[in-house]
Amino acid sequence: MSDDLIVVGVIAGAYGVNGEVRVKSFCAQPMDIETYSPLTDDTGKSYSLAVIRPSKNALITRIAEVTTKEAADALKGVQLFAQRTQLPVLPDDEYYHLDLIGLDVFDTGGTPLGKVKSVLNHGAADLLELHISGEASTVLLPFTQAVVPTVDLKARKIIADPPDGLF
């Protein structure tokens, strides 16, 4: 997948019988996903998305190319991507998750801790899932200013001050 593409949502399934779909938006303002339309999937197929209304945990949307429930059902789980150039420039202390994945993580003394495998959010705050070199397990590091004081995208590294006992 190209670094020029950022996942902005995922199709959660069909809604009704006329081809509408539920879309889980990953945008800070969920309704903004429509402004990036047309979106693409990981194969490059294009989707013209129009938000009908918000619903609990998703947006009810119409995709111009989808007119039946069966076609909408077939799209469940499809990730929707926007071009990086379409997205807003972030403030210095905010990052697109894609930009953090793969960064090396060091403690404040310079000791390597691992590499960012993924960025998770289960409601309260973001967590960096770190793959520890030489181990099969991962560690979840809170992605807060106190625990992660420095993110250097140009140097492709993160400096962390993990809580005692985490490693």
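These remarks concern the structure in this document. (Residues numbered from 1 in each chain as written. Predicted model: local features only at pLDDT ≥ 70, side-chain atom pairs only at ≥ 80, totals over all residues. Heavy atoms only, no water.)

**Quick notes on the overall build of the chain**
Now for step 1: A tally of helices and strands in the chain yields two helices and 13 strands.
Now for step 2: On the principal axes, the C-alpha backbone points of the chain span a range of 60 × 30 × 25 Å.
Now for step 3: Evaluated residue by residue, the chain yields a buried proportion of 35% over its 167 residues.
Now for step 4: At a minimum sequence separation of 6, the contacts of the chain that also span at least 24 residues come to 47%.
Now for step 5: Computing the positive centroid from 14 side-chain charges and the negative centroid from 22, the chain places the two 7 Å apart. (Helix = DSSP H or I, 4+ residues; strand = E, 2+ residues; numbered from the N terminus. Buried < 20%, exposed > 50% of the residue type's maximum accessible area, 1.4 Å probe, protein only. Contact = heavy atoms within 4.5 Å. Lys, Arg positive; Asp, Glu negative; His and termini not counted. Charge placed at Lys NZ, Arg CZ, Asp CG, Glu CD.)

**Points about the pairing of strand 1 (residues 5-15)**
Now for step 1: Of all eleven residues making up strand 1, eight are buried, and the element is well covered by its neighbours.
Now for step 2: Direction of pairing for strand 1 relative to strand 7 (residues 79-83): antiparallel, over a ladder of five bridges. Opposite Ile 6, over in strand 7, you have Ala 82 as the bridge partner.
Now for step 3: Relative to strand 2 (residues 20-25), strand 1 is paired through six bridges, and the arrangement is antiparallel. (Pairing = 2+ DSSP bridges.)

**Thoughts on the layout of surface pockets**
By rolling a water-sized probe across the atoms, one finds the places where empty space is left.
Now for step 1: Of the pockets and cavities examined, the largest pocket occupies roughly 1,000 Å³.
Now for step 2: Taken together, the elements giving at least two residues each to the lining of the largest pocket come down to strand 1, strand 7, helix 2 (97-100), strand 9 (112-121) and strand 12 (150-152).
Now for step 3: Among the elements that make up the lining of the largest pocket, the one with the highest residue count is strand 1 (four residues).
Now for step 4: Split by residue class, the lining of the largest pocket holds 25 nonpolar, nine polar and five charged.
Now for step 5: Space inside the second largest pocket adds up to approximately 190 Å³.
Now for step 6: Arg 84, Leu 87, Pro 88, Val 89, Leu 90, Pro 91, Asp 92, Glu 94, Tyr 95, Tyr 96, Asp 99 and Leu 153 are the residues that line the second largest pocket.
Now for step 7: The class makeup of the residues in the lining of the second largest pocket is eight nonpolar, no polar and four charged. (1 Å grid on protein atoms, 1.4 Å probe; cavity = no way out; pocket = protein on both sides within 12 Å on 5 of 7 lines; lining within 4 Å. Points joined across faces, edges and corners; volume = space filled by probe spheres on them. Nonpolar A, V, L, I, M, F, W, Y, C, P; charged D, E, K, R; others polar.)

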